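# Report on the structure
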Amino acid sequence: MELSNKIKDNYDSVSVNVPVNHFKRSVGEIDIMAKKGNRLDLYEVKCSYRILKAKKQLSRMKKYLNLKNAGSYFYCGNSNILVDV
C-alpha cells in the first residue's frame, strides 16, 4: 500500500489489512494499524473522498477493540489527502 510506505518510518510497527473479530464473528478489517510506543493509530483508506463512511468504520472498530484513545485517520487515494477524524 502506498500509504503504509509513507508512514512506516514514523512508527515502530505497521500492520496492513488487520481483521477484527468480535465473539468469533468477523466485524470488519482495519486497513492500516500503526503503533509507536504506547500510541496506536488506525487508518481507513478509500479510493474516493468518502470521509463519513470511513469515520463510521473507524469508530466501529475502535468500539469493538476498546481503543478509545487511538488516533483515527482517513486517507483518500485519488487525491492523496490524509485527514484526522
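Scroll up to find the structure this text is about.
Quantities reported herein were computed from a predicted structural model and do not represent experimental measurements.

### Brief notes about the pairing of strand β2 (residues 25-36)
Direction of pairing for strand β1 (residues 13-22) relative to β2: antiparallel, over a ladder of nine bridges. Each residue of the ladder has a partner; that of V14, found in β2, is A34. Linking β1 back to β2 in an antiparallel pair, the connection comprises two residues, with F23 at a positive phi of about 50°. Where β2 and strand β3 (residues 39-46) come together, five bridges link them in antiparallel fashion. Pairing of I32 across the sheet is with Y43, part of β3. Hairpin remark: β2 followed by β3, antiparallel, with two residues in the connecting loop; positive phi at G37, about 65°.

### Here we look at the packing of aromatic side chains
Per the stated rule, a full pass over the model turns up three aromatic pairs. Consider the rings of Y11 and Y43, whose centres lie 6.4 Å apart with planes at 90°: the pair is edge-to-face. In this pair, Y11 is assigned in the loop between α1 (2-7) and β1 and Y43 in strand β3, connecting sequence segments 32 residues apart. Their ring planes at 20° and their centres at 5.0 Å tell us that Y43 and Y73 sit as a pair that is stacked. Of this pair, Y43 sits in strand β3 while Y73 is found in strand β4 (residues 71-76), placing the two residues 30 residues apart along the sequence. Note on Y43: relative accessible area 4%, which makes it buried. Take Y73: its relative accessible area is 19%, and that puts it in the buried class. A connected cluster of aromatic rings, assembled from ring pairs, spans Y11, Y43 and Y73. Over the ring of Y64 we find K63; its NZ or CZ atom is 5.4 Å from the centre of that ring.

### Remarks on unusual backbone geometry
In this structure, N66 is a non-glycine residue whose phi angle is positive, near 55°. Judged by relative accessible area, N66 falls into the exposed class, the value being 56%. Backbone geometry at N80 places phi at a positive 55°, although glycine is not the residue there.

About the cut-offs
- Residues numbered from 1 in each chain as written.
- Predicted model: local features only at pLDDT ≥ 70, side-chain atom pairs only at ≥ 80, totals over all residues.
- Heavy atoms only, no water.
- Pairing = 2+ DSSP bridges.
- Helix = DSSP H or I, 4+ residues; strand = E, 2+ residues; numbered from the N terminus.
- Phe/Tyr/Trp six-rings, centres within 6.5 Å; stacked < 30°, edge-to-face > 60°.
- Buried < 20%, exposed > 50% of the residue type's maximum accessible area, 1.4 Å probe, protein only.
- Lys NZ or Arg CZ within 6 Å of the ring centre and 35° of its normal.

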